[in-house]
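Listed here are the chains, written in short residue letters.
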Amino acid sequence: MSNSLVLHPAFVLIVSALALSVMRGKGRNAVILLAPIFAMIALWLLPEGKLWEVDWLDYHLTPLAVDKLSRLFASIFALMTFAGGLFALRRNSRLEIPAAFLYAGAAIGVVLAGDLVTVFVFWEIMAVGSTLVIWSANTTSAWKASLRYAMIHLAGGVVLFAGVTGHLLATGDATFSRMQPDSIAHWLILVGFLINAGAPPLSAWLPDAYPSASWSGMVFLSAFTTKTAVYVLLRGFPGTELLIWVGLFMVFYGIVFALLENDMRRILAYSIVNQVGFMVVGIGIGTELALNGAAAHAFTHIIYKALLLMSAGAVLAATGRSKCSELGGLFHSMPLTTICGTIGALSISSFPLTSGFISKSMISQAAADGHLQTVWLLLAAASAGVFLHAGIKFPWFVFFQKDSGLRPSDPPASMRWAMLLFAFLCVALGVWPEELYALLPYPVDYVPYTAAHVVTQLQLLLFSGLAFFVMLDYLKRTPTITLDVDWFWRVAYPSAARQAAAHWENLCARVTADVSVKAVTVRSFIARHRQPDGLLVRSWPTRSMAMWVMVMLLAYLFLYYLGR
Amino acid sequence: MKNPAPRTHWLDEPKHVQWLWRGFIAVLALTVLAELVFSLHPTFQIEGWFGFHAAFGFIACALMIIGAKAMGLLLKRPDTFYAEDRTDE
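Some remarks on the overall build of chain B
Regarding its fold elements, chain B presents three helices and one strand. Counted from the first residue to the last, chain B has its helices and strands arranged as α-α-β-α. Of all 89 residues assigned to chain B, the portion counted as buried reaches 30%.

Rendered as structure tokens:
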């Protein structure tokens with residue numbers, strides 16, 4: 001035990017979550033705003049290295065370990081908790097913010113864990129916290145979605161647990177370090193991680209569950225689960241080639257489904273899968289530049305995706321609507337929300353001078369440096385597709401297009417400040433990338449702003465924009481949804497289960513009818529012998545006992561003489 | 001929530017939208033012409049083609065829209081498909 005007296009940033013948030021659940025009024029607001037700041041300070045006071053070490057059963061655990069990668073992720077999580085708390089300050093729910101802080105604390109716990117057991121424990125707390133955040137929206141659909149969400153994540157947790165157990169049995173070492181998918185245990189760990197990343201085939205849990213959260217709940221949800229998955233993949237499986245193809249699938253899955261989607265927050269949910277896909281590709285490529293790119297992209301993504309969801313949340317809170325077919329023309333009365341949403345949209349599209357430009361391009365550059373031409377071309381197509389589905393489609397259908405006649409006003413001050421903070425960061429990171437580059441796990445000698453890069457990126461994006469407006473007729477919004485794999489667990493499986501249950505009942509009825517006749521015979525036979533006066537149960541008089549013993553002894557004597 | 005007499009915004013005027021379109025097309029042309037001024041240091045041969053990124057961006061997006069549309073024919077359903085969504089509204 002070499003535990004120094006340090007404050008674990010995860011516990012700062014988890015303890016404040018417990019306190020917040022009973023607090024009210026100004027004290028509550030103060031804790032919401034101060035706890036993430038304390039967590040951030042606690043994090044930056046920690047030196048690098050293994051800080052807490054415990055021996056548990058036969059294993060050496062490290063519940064608190066810090067290096068550049070974990071500090072980067074913990075920092076953005078703390079920052080996200082602050083902005084999310086500020087945005088949600090006026091949300092009228094006693095459950096949501098405590099749940100979100102528990103969730104955020106657990107996410108920080110995962111990224112500061114030095115061993116797989118601690119990772120697993122915080123992983124499960126995260127599942128509980130996020131389920132509660134969805135649940136706190138307090139609608140029937142949110143309740144049902146939270147159950148489906150919990151089901152997927154608990155199943156993922158079981159897979160991860162099996163993998164961790166197998167790893168412990170095989171190696172006896174709990175340290176969370178780089179692994180190869182070379183054994184069943186490691187495959188299970190990889191699958192457990194990928195489920196949380198929104199990877200196929202279960203990606204649909206994300207666009208199913210997140211958009212049923214409240215207008216502020218989804219802002220929290222967008223940040224933690226998928227990005228802790230990115231973190232654990234970065235630490236556990238860098239350079240695993242399979243991840244390139246998994247990531248590319250996620251990228252295009254997100255684009256195509258987002259293009260078909262009508263609900264603005266489901267568009268943004270699909271776009272989370274799309275963006276995490278870029279990070280997973282970077283992890284699969286596995287060079288220092290690619291891993292830096294994946295980490296940087298996770299950092300910038302959390303900010304601009306939260307910003308996009310804040311602007312969508314402001315619209316939802318003001319109008320109660322989230323379907324593109326019922327929105328439009330909101331720039332008239334929500335100028336600030338429009339501007340902030342557009343900055344988020346430009347950032348996710350990687351426009352020069354925004355944060356996406358300086359992070360996503362590192363992954364593309366790593367593909368080019370590795371001469372992976374197919375991967376590079378697909379990433380370029382995907383970048384164009386991001387502008388299409390999130391960069392233009394979201395702001396266009398929500399804030400512009402036809403005038404819906406709605407004239408809601410910009411949200412209250414706490415929400416405005418949260419949006420302004422993140423809009424500022426999107427631009428600041430794009431203009432001064434060095435600050436972020438200094439935090440990345442490997443030294444960076446990548447220069448995003450070259451004439452060639454700016455020109456080619458502008459060509460790619462602006463011509464995508466042209467394609468959007470030229471083909472606008474094909475993108476007209478209809479009040480529809482698109483079936484996704486969640487159909488299997490929302491429709492196919494329940495109806496199969498109902499049919500199976502009906503068959504089972506039928507079978508039981510038939511068997512009962514067939515067997516009952518025989519059963520009556522058997523029963524009466526048993527009863528005759530076993531009832532209180534039955535042949536085998538009734539008590540026998542002592543004298544008959546004595547007589548039978550005498551008969552047996554006589555028989556024995558007789559046979560004995562016969563034998564001689 | 002609704003103003004009694006919504007004042008028209010300059011973006012509501014078709015004339016101004018047309019200006020925006022012209023500006024947009026001019027910028028598009030500029031980004032392609034910029035290739036004549038700046039060297040692009042292509043990594044792959046295909047990148048060296050004149051206007052490659054512009055054409056690739058446009059074609060990739062067109063294909064994705066058509067692909068999504070085709071998938072939509074198979075997979076689109078009314079948004080009341082999952083019964084529980086009805087109970088909320």
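Focus: unusual backbone geometry
All names here are of chain A. With an omega of 5°, the peptide bond between Pro 200 and Pro 201 qualifies as cis. Looking at the secondary structure, you find Pro 201 in the loop between α7 (184–197) and α8 (205–209). Of note in this structure, Leu 57 is not a glycine but carries a positive phi near 50°. Here Leu 57 lies in the loop between β1 (49–56) and β2 (59–66). By relative accessible area, which is 67% here, Leu 57 ends up exposed. Positive phi is not limited to glycine here, since Asn 138 has a value of about 65°.

Description of the nonpolar core
All names here are of chain A. Within the largest apolar cluster, 205 residues are counted, with the highest numbers of intra-cluster contacts made by Phe 73, Tyr 210 and Leu 233. With 20 residues, the top contributor of residues to this core is helix α12 (residues 288–319). If near-sequence neighbours (up to four positions away) are discounted, Tyr 210 is found in contact with Tyr 103, Tyr 149, Trp 205, Met 218, Leu 221, Ser 222, Thr 225 and Ile 272.

What to know about empty space enclosed by the protein
Scanning the entire structure with this criterion turns up two cavities of 30 Å³ or more. As for the largest cavity, its lining consists of Leu 259, Leu 260, Tyr 474, Leu 475, Lys 476 and Arg 477 of chain A together with Ile 65, Ala 68, Lys 69 and Lys 76 of chain B. If you list the elements that add at least two residues to the lining of the largest cavity, you get α10 (242–260) of chain A together with α2 (52–75) of chain B. A total of three residues in the lining of the largest cavity trace back to one element, the largest contributor, which is α2 of chain B.

Overview of the domain arrangement of chain A
According to the domain assignment, chain A contains domain 1 (238–479) and domain 2 (491–563). Averaged C-alpha coordinates put domain 1 of chain A and domain 2 of chain A at centres separated by 74 Å.

Re the pattern of salt bridges
Residues and elements named next belong to chain A. All told, the structure shown has nine salt bridges over all chains when counted by the stated rule. Salt-bridge contacts for Arg 91 lead to Glu 96; the nearest nitrogen and oxygen are separated by 2.8 Å. Considered together, Arg 91 and Glu 96 belong to a single accessibility category, that of buried residues. A salt bridge links Asp 473 to Lys 476; the nearest nitrogen and oxygen atoms lie 3.2 Å apart. For Asp 473, a relative accessible area of 59% puts it in the exposed group. By sharing partners, the salt bridges in this structure join Arg 148, Asp 208, Asp 486 and Arg 490 into a single network.

Brief notes about a nonpolar patch on the surface
Residue and element names in this part refer to chain A. Nonpolar side chains collect at one region of the surface, where Trp 540, Met 547, Trp 548, Met 550, Val 551, Leu 554, Tyr 556, Leu 557, Tyr 560 and Tyr 561 lie side by side and expose about 1,200 Å² of accessible area between them. With respect to the helices and strands, the residue Met 547 is situated in helix α20 (residues 542–563). For Met 547, a relative accessible area of 44% translates into the label partly exposed.

Looking at the interface of chain A and chain B
Across the contact, 59 residues belong to chain A and 52 residues belong to chain B. Carbon and sulfur atoms make up 74% of the surface buried where chain A meets chain B, a total of about 5,100 Å² over both sides. Three residues, Gln 459, Phe 463 and Ile 481 of chain A, lead the burial of chain A against chain B; their summed loss comes to 13% of the area buried on that side. Where chain A packs against chain B, one counts one salt bridge. Across the contact surface, chain A and chain B share nine residue pairs in polar contact (both at pLDDT 80 or more). Secondary structure elements with two or more residues in the side of chain A that touches chain B: α6 (140–171), α10, α14 (355–369), α15 (373–399), α18 (451–470), β3 (480–482) and α19 (486–530) of chain A. The element contributing the most residues to the side of chain A that touches chain B is α18 of chain A, with 14 residues. As defined by bridge partners, β3 of chain A adjoins strand β1 (residues 76–78) of chain B across three bridges and the pair is classed as antiparallel. In the sheet register, Thr 480 of chain A faces β1 of chain B, and the bridge partner there is Pro 78 of chain B.

Digging into the packing of helix α3 (residues 68–87) of chain A against α12 of chain A
Residues and elements named next belong to chain A. Orientation of α3 relative to α12, taken along the N-to-C sense of each, is 10°, at an axis distance of 10 Å. Taken together, the axes of α3 and α12 are roughly parallel relative to one another. Residue-level inspection shows Leu 69, Leu 72, Phe 73, Ile 76, Phe 77, Leu 79, Met 80, Ala 83 and Phe 87 of α3 in contact with α12, the latter providing Ala 295, Ala 298, Phe 299, Ile 302, Ile 303, Ala 306, Met 310, Gly 313 and Ala 314. The class makeup of the residues in the contact of α3 with α12 is 17 nonpolar, one polar and no charged.

Conventions and cut-offs
For every chain, the first residue of its written sequence is number 1, and the numbers climb from 1 along that sequence. Throughout, the order in which chains and ligands are written sets their labels, letters from A for the former and numbers from 1 for the latter. Side-chain atom pairs in this predicted model are given and counted only at pLDDT of 80 or more, local residue features only at pLDDT of at least 70, and totals for whole chains, interfaces and linings cover all residues. With hydrogens and water set aside, each side-chain value is computed from the structure's full complement of heavy atoms. To qualify as a helix, a DSSP run of H or I must reach at least 4 residues; to qualify as a strand, a run of E must reach at least 2; elements of each kind are numbered from the N terminus. Three labels apply to residues, based on accessible area from a 1.4 Å probe with only protein chains included: buried if under 20% of the type maximum, exposed if over 50%, partly exposed otherwise in between. Among the buried residues, those of types Ala, Val, Leu, Ile, Met, Phe, Trp, Tyr and Cys that are joined through side-chain atoms within 4.5 Å form a nonpolar core. Between two residues, a contact is recorded if the distance between any of their heavy atoms is within 4.5 Å. Lining residues are those with an atom within 4 Å of a point, where the points come from a 1 Å grid over the protein atoms alone and group into cavities, where a 1.4 Å probe fits but cannot get out, or pockets, open sets with protein on both sides within 12 Å along at least five of seven lines. Grid points are joined across faces, edges and corners, and a volume is the space filled by probe spheres set on the points. Each domain's extent is set by a domain assignment, obtained either automatically or from a database. A pair is scored as a salt bridge if a Lys or Arg side-chain nitrogen falls within 4 Å of a carboxyl oxygen belonging to Asp or Glu. To count toward a patch, a residue needs a relative accessible area above 30% and no salt bridge. Like charges then connect within 9 Å, nonpolar side chains (Val, Leu, Ile, Met, Phe, Trp, Tyr) within 5 Å. Only the protein chains shown count as cover for residues, and the accessible areas themselves come from Shrake-Rupley with a 1.4 Å probe. Once two parts are joined, some of their accessible surface, as seen by a 1.4 Å probe, is lost; buried area is that loss totalled over both. Two N or O atoms form a polar contact when they lie within 3.5 Å of each other; inside protein one atom must be a possible hydrogen donor and the other a possible acceptor, and for residues adjacent in sequence the pair counts only when both atoms belong to side chains. Strands are treated as partners if at least two bridges between them are detected by DSSP. Simply put, an axis is a line fit to the C-alpha atoms, just over the touching stretch for a helix, and the angle between two N-to-C directions goes from 0 to 180 degrees. Angular relationships are summarised with four words: roughly parallel below 35 degrees, roughly antiparallel beyond 145, roughly perpendicular across 65 to 115, and oblique for the angles in between. Charged means Asp, Glu, Lys or Arg here, nonpolar means Ala, Val, Leu, Ile, Met, Phe, Trp, Tyr, Cys or Pro, and polar covers whatever is left, Gly included.

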